[in-house]
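Each chain, letter by letter, is given below.
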Amino acid sequence: MTAGVIELFQQGRCEEAVAAAVRFAEVARESLGRIHPTYINALATVAALVDGMGRTEEAEALLQEAEDLHEEFEMEVMGQYLDEHLDEIGLGGSD
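What you see is a predicted model; the values in this text were computed from it and never measured. (Residues numbered from 1 in each chain as written. Predicted model: local features only at pLDDT ≥ 70, side-chain atom pairs only at ≥ 80, totals over all residues. Heavy atoms only, no water.)

Bringing the environment of tyrosine 39 into the picture now. Structurally, the position occupied by tyrosine 39 is in helix α3 (residues 37-52). Residue classification places tyrosine 39 among the buried residues on the basis of a relative accessible area of 5%. When the C-alpha atoms of tyrosine 39 and leucine 69 are compared, they prove to be 9.3 Å apart, with 30 residues separating the residues in sequence. Excluding residues that lie within four positions of it along the chain, tyrosine 39 makes contacts with Ala25, Ala28, Arg29, Gly33, Arg34, Glu65 and Leu69. (Helix = DSSP H or I, 4+ residues; strand = E, 2+ residues; numbered from the N terminus. Buried < 20%, exposed > 50% of the residue type's maximum accessible area, 1.4 Å probe, protein only. Contact = heavy atoms within 4.5 Å.)

The subject of this paragraph is α3. Counted at 1.5 Å a residue, the expected span for α3 with its 16 residues is 22 Å, and the 22 Å between its end C-alpha atoms agrees. For α3, the full list of buried residues reads Tyr39, Ile40, Ala42, Leu43, Thr45, Val46, Ala47, Leu49 and Val50. In this structure, the buried residues of α3 make contact with α1 (2-10), α2 (14-32) and α4 (56-88). Downstream of α3 by one or two residues, glycine 54 has phi in the positive range, about 85°. (Expected span 1.5 Å × (residues − 1).)

Turning our attention to α4. In this model α4 runs 48 Å from its N-terminal to its C-terminal C-alpha over 33 residues, within 8% of the 48 Å that 1.5 Å per residue would give. Taken residue by residue, α4 has Ala59, Leu62, Ala66 and Leu69 as its buried positions. Buried residues along α4 sit in contact with α3. Phi turns positive one or two residues past the end of α4, at glycine 90, with a value near 80°.

What follows deals with the pattern of salt bridges. A side chain with one charge may pair with a side chain of the opposite charge, provided their charged atoms come close. Applying the stated criterion across every chain yields a total of four salt bridges. The shortest N-O distance in the salt bridge between arginine 13 and glutamate 16 comes to 2.8 Å. Judged by relative accessible area, which is 36%, arginine 13 ranks as partly exposed. Under the relative-accessibility criterion, glutamate 16 is labelled partly exposed at 40%. (Salt bridge = Lys/Arg side-chain N within 4 Å of Asp/Glu carboxyl O.)

Rendered as structure tokens:
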């Protein structure tokens, strides 16, 4: 996705590039979930594109959303890691 979108953007077809990136992000969110790295990266790509078009406020909001989701993803991964290791040493909640 990224290479094709960047190519469109470099050709001056900015609106097409953003539309394609948004479509990809929507599909990623629907199929993988909102805290999946693919969706988060797609959201950051959209932010970079709209920033390149001078839409700074929109870009900042999208980037903040991506950062928030990334933090949520990291917390979920850390929680799973801790649960697994606590179970291994007999301190987990599963019996």
